[in-house]
Structure formats: structure tokens, C-alpha cells
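Geometric and topological summary
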Amino acid sequence: LQQAFSIIDSLVFKDIKQRLTDFFIHEARHNGISDASGTTIRLDMTTTQLAAIVGASRQTVSTIVSTMLKDEVLEKKDRSVYRIPNIDLLRQYART
């Protein structure tokens, strides 16, 4: 029940950029591999699946991820493999 309330709260009070950022941070904390250059995460899902998780369209998620890559708060290392150079910077990025 608590998880359901958390999901509803996220969908109602956070925009797509914040939800996507929260997803990347959650994955980094729970499944990431950290080293001196940041935290690497592997997402074994398509953009469409990621969009369904954060409650957005595939195009919107793709556009936001592209912007995150351009703004260097996220790096793409390989297909479905991303590195977060600085989690605090990514967290702040969601608020801009």
C-alpha cells in the first residue's frame, strides 16, 4: 500500500524529468556499480518500457534522456548502459 501511495504521489506531484531522474538514481543506488568515474547502471529494458515505468510517452523519455546526455549529467556507455558521473548533480538537475 505504501508503494502504491508513493507511485501515485510521484505521478501527481512530479514532472516527467523528475520521475526519470528519480528512476536513474534509484537504479544507481540499488543496481549500480560505482567507481572513481561515477556509477554505471544497466537498464535491461526498451525506451518504451522505461516510458511506461515513469508514466510518459516513449518520445518524451527519449527527448529527456538525450537532453541529459547533452547536459552531461548522464553518459551512455553502451546499449542500455549508462553512467551517472555525479548523482548529486543529477539530483539537482531534476529541479531545474
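Before reading further, recall that the structure is shown in the block above.
Residue numbers run consecutively from 1 along every chain, following the written order of its sequence. With pLDDT at 70 or above as the cut-off, local features in this predicted model cover only qualifying residues; side-chain atom pairs require 80 or more to be listed or tallied, and sums for whole chains, interfaces and linings still use all residues. Only heavy atoms go into the side-chain values, all of them from the structure, while hydrogens and water stay out.

1. Things to note about the pairing of strand β2 (residues 38-42)
Two strands qualify as a pair provided that DSSP identifies no fewer than 2 bridges between them. In DSSP terms, a helix is any run of H or I states spanning at least four residues, a strand is any run of E spanning at least two, and both are numbered starting from the N terminus. As paired elements, strand β1 (residues 33-35) and β2 share 3 bridges and run antiparallel to each other. Bridge assignment links Ser34 to a residue of β2, and that residue is Thr39.

2. A closer look at the packing of helix α2 (residues 16-31) against helix α3 (residues 47-54)
To obtain each axis, a line is fitted to C-alpha atoms, and for helices this fit is confined to the stretch in contact; angles are then taken between N-to-C directions over 0 to 180 degrees. Taken N-terminus to C-terminus, the directions of α2 and α3 make an angle of 110 degrees; their axes are 10 Å apart at the nearest point. Judged on the interaxial angle alone, α3 and α2 are roughly perpendicular. In contact with Ile16, Arg19, Leu20 and Phe23 of α2, α3 contributes Leu50, Ile53 and Val54. Under this grouping Gly is polar, as are all residues other than the nonpolar Ala, Val, Leu, Ile, Met, Phe, Trp, Tyr, Cys and Pro and the charged Asp, Glu, Lys and Arg. The residue inventory of the contact of α2 with α3, partitioned by class, reads 6 nonpolar, no polar and 1 charged. Note that the term roughly parallel is reserved for angles under 35 degrees, roughly antiparallel for angles over 145, roughly perpendicular for angles of 65 to 115, and oblique for everything else. Contacts between residues were defined by any pair of non-hydrogen atoms, one from each residue, lying within 4.5 Å.

3. So, the pattern of salt bridges
When a carboxyl oxygen of Asp or Glu is within 4 Å of a side-chain nitrogen of Lys or Arg, the pair counts as a salt bridge. Under the criterion given, the structure shown has 4 salt bridges. Between Lys70 and Asp71 there is a salt bridge whose closest N-O contact spans 3.7 Å. Working definition: with a 1.4 Å probe on protein chains only, accessible area under 20% of the residue-type maximum means buried, over 50% means exposed, and in between means partly exposed. Judged by relative accessible area, which is 36%, Asp71 ranks as partly exposed. One salt bridge in this structure joins Arg91 and Asp88, with 2.8 Å as the shortest N-O distance. Note that Arg91 and Asp88 are positioned in helix α5 (residues 87-93) at a spacing of 3 residues, about one turn of the helix. For Arg91, a relative accessible area of 25% corresponds to the partly exposed category. One salt-bridge network, held together by shared partners, links Glu75, Lys77 and Arg83.

Honestly, that's just the spatial picture; any functional story needs more than this.
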